[in-house]
Amino acid sequence: MKRADLVRHLRTHGCELLREGGSHSVYVNRDAGKATAVPRHREINDFLARKICRDLDVPGP
């Protein structure tokens, strides 16, 4: 899955960027009180994309 598509999916479900790191971006879902790191690779493995969505209590992509 493309990183841009995953970020767009997270933003439509209420997640926002908390901070930028060296190789990751940290996104937070303030409604659920959860945060997770999203790597800055162009392609993100589908299993990792599902785990990121689970960590943020967002439906899968």
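For the structure itself, look to the data block above.
These figures come from a predicted structure and were not determined experimentally.

Conventions we followed
- Residues numbered from 1 in each chain as written.
- Predicted model: local features only at pLDDT ≥ 70, side-chain atom pairs only at ≥ 80, totals over all residues.
- Heavy atoms only, no water.
- Helix = DSSP H or I, 4+ residues; strand = E, 2+ residues; numbered from the N terminus.
- Rg over C-alpha atoms; globule rule 2.2 N^0.38 Å.
- Pairing = 2+ DSSP bridges.
- Axes fitted to C-alpha atoms, helices over the stretch in contact; angles between N-to-C directions.
- Buried < 20%, exposed > 50% of the residue type's maximum accessible area, 1.4 Å probe, protein only.

## Notes on the overall build of the protein
Thought 1: Across its full length, the protein holds two helices and three strands.
Thought 2: Counted from the first residue to the last, the protein has its helices and strands arranged as α-β-β-β-α.
Thought 3: The C-alpha radius of gyration of the protein comes to 10 Å, within 12% of the 10 Å expected for a compact globule of 61 residues.
Thought 4: Taking the principal axes of the C-alpha coordinates as reference, the protein spans close to 30 × 25 × 15 Å.

## Re the sheet that holds strand β2 (residues 24-29)
Thought 1: In space, the three strands of this open sheet follow the order β1-β2-β3, with antiparallel pairing throughout. Among the strands making up the open sheet, the edge pair consists of β1 (16-20) and β3 (34-39). Averaged over all pairs of adjacent strands, the angle between their axes in this sheet comes to 30°, without regard to strand direction.

## Some thoughts on the pairing of β2
Thought 1: For β2, a buried count of five out of six residues is recorded, marking the element as mostly surrounded by other parts of the structure.
Thought 2: Of the pairings in the sheet, the one linking β1 to β2 comprises four bridges and is antiparallel in character. Across the sheet, the residue bridging to E16 is V28, located in β2.
Thought 3: What sits between β1 and β2 in their antiparallel hairpin is a turn of three residues.
Thought 4: With six bridges joining them, β2 and β3 adopt antiparallel strand pairing. Its bridge partner being in β3, V28 is matched across the sheet by A35.
Thought 5: Connecting β2 to the antiparallel partner β3 that follows it, the hairpin turn spans four residues, and G33 within it adopts a positive phi of roughly 70°.

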